[in-house]
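Structure assessment
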Amino acid sequence: RQGPLLGVFDVPMPTTTRGARDVSTTPAQSIALMNSPMVIKQAEAWARAHAKAVPEEALHELFRRAFTREPDTSELNEFVRYSPKLSETAHLLINLKEFIFVP
């Protein structure tokens, strides 16, 4: 039996045969990621694992891990201004389309 989070992301039922996974992007997916206790805990753990004395260094590390790239200057400034809590920033990165969608 699949959980509600997997169902939102079109994961096929394990008891059925499926040639290919459906591809969709829906508002329900973002809402599920924002409210899922499991995702929130993972964001907190991810933030703890990459916590640095200098917040900008931690942001660079999160961007490298999430997107395999450095944040540009505007992204860095926005995230520094957005939240002093790294766990909230990590949770936000998990919700970005760049993180969710794999072409």
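So, a few notes on the structure that sits alongside this text. (Residues numbered from 1 in each chain as written. Predicted model: local features only at pLDDT ≥ 70, side-chain atom pairs only at ≥ 80, totals over all residues. Heavy atoms only, no water.)

Re the overall build of the chain
Within the chain, the regular secondary structure consists of seven helices and zero strands. Across the chain, helices and strands are ordered from the amino to the carboxyl terminus as α-α-α-α-α-α-α. Here the chain, with 103 residues, has 29% of them falling under the buried criterion. Of the contacts formed within the chain by residues at least 6 apart in sequence, a portion of 48% connects residues at least 24 apart. Carbon and sulfur atoms provide 60% of the accessible area of the chain, an area that totals close to 7100 Å². (Helix = DSSP H or I, 4+ residues; strand = E, 2+ residues; numbered from the N terminus. Buried < 20%, exposed > 50% of the residue type's maximum accessible area, 1.4 Å probe, protein only. Contact = heavy atoms within 4.5 Å. Areas by Shrake-Rupley, 256 points an atom, 1.4 Å probe, with all protein chains shown as cover.)

Brief notes about helix 2 (residues 27–35)
All of the buried residues along helix 2 are Q29, A32 and L33. Each buried residue of helix 2 lies within a common arc of 95° when the element is viewed along its axis, so the set occupies one face. Those residues of helix 2 that are exposed and aimed more than 90 degrees away from the buried face are P27, I31 and N35. (Arc of directions from axis to C-beta.)

Some details on the packing of helix 4 (residues 55–67) against helix 6 (residues 86–95)
Two quantities define a packed helix pair, namely the angle between the axes and the distance from one axis to the other. Taken N-terminus to C-terminus, the directions of helix 4 and helix 6 make an angle of 25°; their axes are 11 Å apart at the nearest point. For the element pair helix 4 / helix 6, the angle class is roughly parallel. Here helix 4 and helix 6 pass one another in a crossing that is right-handed. Of helix 6, the residues touching helix 4 (which contributes A58, L59, L62, F63 and F67) are L86, T89, A90 and L93. (Axes fitted to C-alpha atoms, helices over the stretch in contact; angles between N-to-C directions. Parallel < 35°, antiparallel > 145°, perpendicular 65-115°, else oblique. Left-handed = near helix turned anticlockwise from the far one by under 90°.)

Some thoughts on unusual backbone geometry
A positive phi angle, near 50°, is found at T68, a position not held by glycine. Turning to its location among the elements, T68 is positioned in the loop between helix 4 and helix 5 (73–82). We classify T68 as exposed; its relative accessible area is 73%.

Thoughts on the nonpolar core
Formed by 17 residues in total, the largest nonpolar core has its most connected members in W46, L62, L86, A90 and L93. Among the secondary structure elements, those contributing two or more residues to this core are helix 3 (37–49), helix 4, helix 5 and helix 6. The residues contacting L62, other than those within four sequence positions of it, are W46, H50, L86, A90 and L93. (Core = buried A, V, L, I, M, F, W, Y, C linked by side-chain atoms within 4.5 Å.)

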